[in-house]
Amino acid sequence: MDARIVNAFIDSVVSTLKNSLRVNPRLGKPSIVQKLMPNHSIVTILGITGDVDGNLIYTFSNETGLEVVSAMMGVEYNQLDEIALSAFGELGNMTVGKLTMNLEKLGFSTDVTPPTVISGKDMKMKTEGKILKLPLTLFKENDADVCLIIKE
């Protein structure tokens, strides 16, 4: 995976989380994984097309999801309803928007697809391409992951 794309990805994640949630995310060690196995029950998926083709995927636990929504709204929020799901999609939109701007600076032309947000247990996902997994600590240790999948 191109190091410039990886750096653009990490910058977009950190920048968006700092600005949107007002947290300083701690990053775990990025790794290339063979299978996409969500560790958390809330998944947001956005597509990237063009010179770079793939997906950006956020995953959160329910508890972290509620903290994310509360931080975004500026008030305590305690239900995973349509408003919460919309907030997860918007966080994904902001992240992938920042990523496309970073990629544009590198000479890559890209477009994005609208977010899909899924909530449930024991999800299995299949995707094609190289999967870069970035574990995150937002509010509690390892409470979120973000993945960048690049189809080659």
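Because the structure is a prediction, the values reported are computed rather than measured. (Residues numbered from 1 in each chain as written. Predicted model: local features only at pLDDT ≥ 70, side-chain atom pairs only at ≥ 80, totals over all residues. Heavy atoms only, no water.)

A. Representation of the side chain of Thr16. Along the chain, Thr16 falls in helix H1 (residues 3-21). Non-local contacts of Thr16, meaning those with residues more than four positions away in its chain, are made with Leu21, Leu91, Met94, Thr95 and Lys98. (Helix = DSSP H or I, 4+ residues; strand = E, 2+ residues; numbered from the N terminus. Contact = heavy atoms within 4.5 Å.)

B. How the structure looks around a nonpolar patch on the surface. Together, Met73, Val75 and Ile83 make up a nonpolar patch on the protein surface, roughly 260 Å² of accessible area in all. Positionally, Met73 belongs in helix H2 (residues 62-73). Residue Met73 is classed as partly exposed on the basis of its relative accessible area of 40%. (Patch = residues over 30% accessible without salt bridge, like charges linked within 9 Å, V, L, I, M, F, W, Y side chains within 5 Å. Areas by Shrake-Rupley, 256 points an atom, 1.4 Å probe, with all protein chains shown as cover. Salt bridge = Lys/Arg side-chain N within 4 Å of Asp/Glu carboxyl O. Buried < 20%, exposed > 50% of the residue type's maximum accessible area, 1.4 Å probe, protein only.)

C. Main features of the pattern of salt bridges. What the rule picks out here adds up to four salt bridges. Among the ionic pairs, Arg4 bridges to Asp2, the shortest N-O distance being 2.9 Å.

D. Layout of the packing of aromatic side chains. On inspection of all chains with the given rule, the structure shows two aromatic pairs. Aromatic side chains Tyr58 and Phe60 sit 5.6 Å apart centroid to centroid with 15° between the ring planes, which places their arrangement in the stacked category. On the basis of an interplanar angle of 35° and a centroid distance of 5.9 Å, the ring pair of Phe60 and Phe88 is categorised as tilted. Note that Phe60 is positioned in strand E4 (residues 54-60) and Phe88 in helix H3 (residues 82-105), a separation of 28 residues in sequence. One exposure class covers both Phe60 and Phe88, and it is buried. Members of the aromatic cluster, connected to one another through ring pairs, are Tyr58, Phe60 and Phe88. (Phe/Tyr/Trp six-rings, centres within 6.5 Å; stacked < 30°, edge-to-face > 60°.)

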